[in-house]
Amino acid sequence: IPHPLTILGHDRIFWFGDLNYRLYLEDNSARQLIKKLDWRALQEFDQLRREREYGGVFQGWEEGAIEFAPTYKYSSSNCNRYSGGVPSRSGEKQRTPAWCDRILWYGKGLTQLSYFRSESKFSDHRPVSALFSTQVEVVNSTNPRVVSRHTILPTIPPPVETEQSNHDEEAESTLISLIVKDLQASPTHNTRCIEQIDDSDCS
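Residues numbered from 1 in each chain as written. Predicted model: local features only at pLDDT ≥ 70, side-chain atom pairs only at ≥ 80, totals over all residues. Heavy atoms only, no water.

The name an unreviewed UniProt entry gives the chain is Type IV inositol polyphosphate 5-phosphatase 7-like, with Prunus avium as the organism.

So this is what it looks like as structure tokens:
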């Protein structure tokens, strides 16, 4: 079987990260929709969604339904308040909240099982995560013409309770353990992430 020569030559592709798409919406109007948790109305102004609908970018790619708050820009890495707003703080950048961080996929045999944001506070963004099941073709080594298809589901181990301190727990956190924690907390993400949208105690 020849190796693909281009990115789109692969069977299944994931494209994720800070794609830096913003909202075609005035700042105050965007913040009002965020307070109402009205993600569907807010997505009508999403630049990436508009560009895909117009056929300008990512033709043939897919993205799951966004049912979480915008992931950028937060006032600081340890704060739940979006940067800017009215009145804007001295020296703070005025940025309309937006879904800058995205996960898209391309190819057949992929099914997205979940799509959510995480509350890891490492920067002025909040990361996003997704789980997929995928079908893979397995070629018979003795007869390359025989191809079987298998569906692979993600396996997430149950959380393990330990008596480690918070410092030790953070130091030994792995990607899979963070995903487990986020999955367990995901039902409350929509409200928890905006509790402090106007909190004056954030620095």
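Moving on from the model shown.
To continue, consider the side chain of Arg 102. Here Arg 102 shows up in strand E2 (residues 101-107). A relative accessible area of 2% places Arg 102 in the buried class. Among the polar contacts listed, one links the side chain of Arg 102 to the side chain of Asp 46, at a separation of 2.8 Å. A polar atom in the side chain of Arg 102 sits 2.9 Å from the backbone oxygen of Trp 99. (Helix = DSSP H or I, 4+ residues; strand = E, 2+ residues; numbered from the N terminus. Buried < 20%, exposed > 50% of the residue type's maximum accessible area, 1.4 Å probe, protein only. Polar contact = N/O pair within 3.5 Å; in protein donor to acceptor, adjacent residues only side chain to side chain.)

Here we take up the packing of aromatic side chains. Under the criterion given, the structure shown has 8 aromatic pairs. With 5.8 Å between their ring centres and 90 degrees between their planes, Trp 15 and Trp 61 make a pair best called edge-to-face. One end of the pair, Trp 15, is in strand E1 (residues 12-18); the other, Trp 61, is in the loop between helix H3 (47-53) and E2, and 46 residues separate them in sequence. For Trp 15, a relative accessible area of 37% translates into the label partly exposed. Measuring from ring centre to ring centre gives 5.3 Å for Trp 61 and Tyr 106, while their planes differ by 45 degrees; the resulting arrangement is tilted. Of this pair, Trp 61 sits in the loop between H3 and E2 while Tyr 106 sits in strand E2, placing them 45 residues apart in sequence. Of the residues examined, Trp 61 reaches a relative accessible area of 9% and is grouped as buried. (Phe/Tyr/Trp six-rings, centres within 6.5 Å; stacked < 30°, edge-to-face > 60°.)

So, about the environment of Asn 20. With respect to the helices and strands, the residue Asn 20 is situated in the loop between E1 and helix H1 (27-35). Placed 80 residues apart in sequence, Asn 20 and Cys 100 show a C-alpha to C-alpha distance of 4.5 Å. A polar contact is formed between the side chain of Asn 20 and the side chain of Arg 22, at a distance of 2.8 Å.

Time to look at the environment of Gln 94. Within the secondary structure, Gln 94 is located in the loop between H3 and E2. Classification of Gln 94 as partly exposed rests on a relative accessible area of 36%. The spacing of Gln 94 and Ser 75 is 19 residues in sequence and 9.8 Å in space, taken between C-alpha atoms. Here the side chain of Gln 94 touches Asp 27 through a polar contact of 3.3 Å, side chain to side chain.

Next up on the list: the pattern of salt bridges. Under the defined criterion, the tally for this structure stands at 8 salt bridges. One salt bridge connects Arg 12 with Glu 137, and the closest N-O pair in it is separated by 3.1 Å. In this pair, Arg 12 sits in strand E1 while Glu 137 sits in strand E4 (residues 128-139), placing the two residues 125 residues apart along the sequence. On the basis of relative accessible area, Arg 12 is assigned to the partly exposed category, the value being 22%. Between Asp 124 and Lys 73 there is a salt bridge, with the nearest N and O atoms lying 2.8 Å from each other. Remark: Lys 73 occurs in the loop between H3 and E2 and Asp 124 occurs in the loop between strand E3 (110-117) and E4; sequence separation between them is 51 residues. (Salt bridge = Lys/Arg side-chain N within 4 Å of Asp/Glu carboxyl O.)

Moving on, we get to unusual backbone geometry. Lys 73 follows Tyr 72 through a cis peptide bond whose omega is 0 degrees. Phi is positive for Asn 20, which is not a glycine, with a value near 65 degrees. Judged by its relative accessible area of 43%, Asn 20 is partly exposed. Positive phi, close to 60 degrees, is recorded for Leu 37, a residue that is not glycine. Residue Leu 37 is classed as partly exposed on the basis of its relative accessible area of 31%.

Listed as buried for H1 are Asp 27, Ala 30, Arg 31, Leu 33 and Ile 34. Taken end-on, H1 shows its buried residues confined to a sector of 160 degrees, consistent with a single buried face. Buried residues along H1 sit against helix H2 (39-43). Between a side-chain oxygen at the N-terminus of H1 and the backbone nitrogen of Asn 28 the separation is 3.0 Å; the capping residue is Glu 26. Just downstream of H1 lies Leu 37, where phi reads positive at about 60 degrees. (Arc of directions from axis to C-beta. Contact = heavy atoms within 4.5 Å.)

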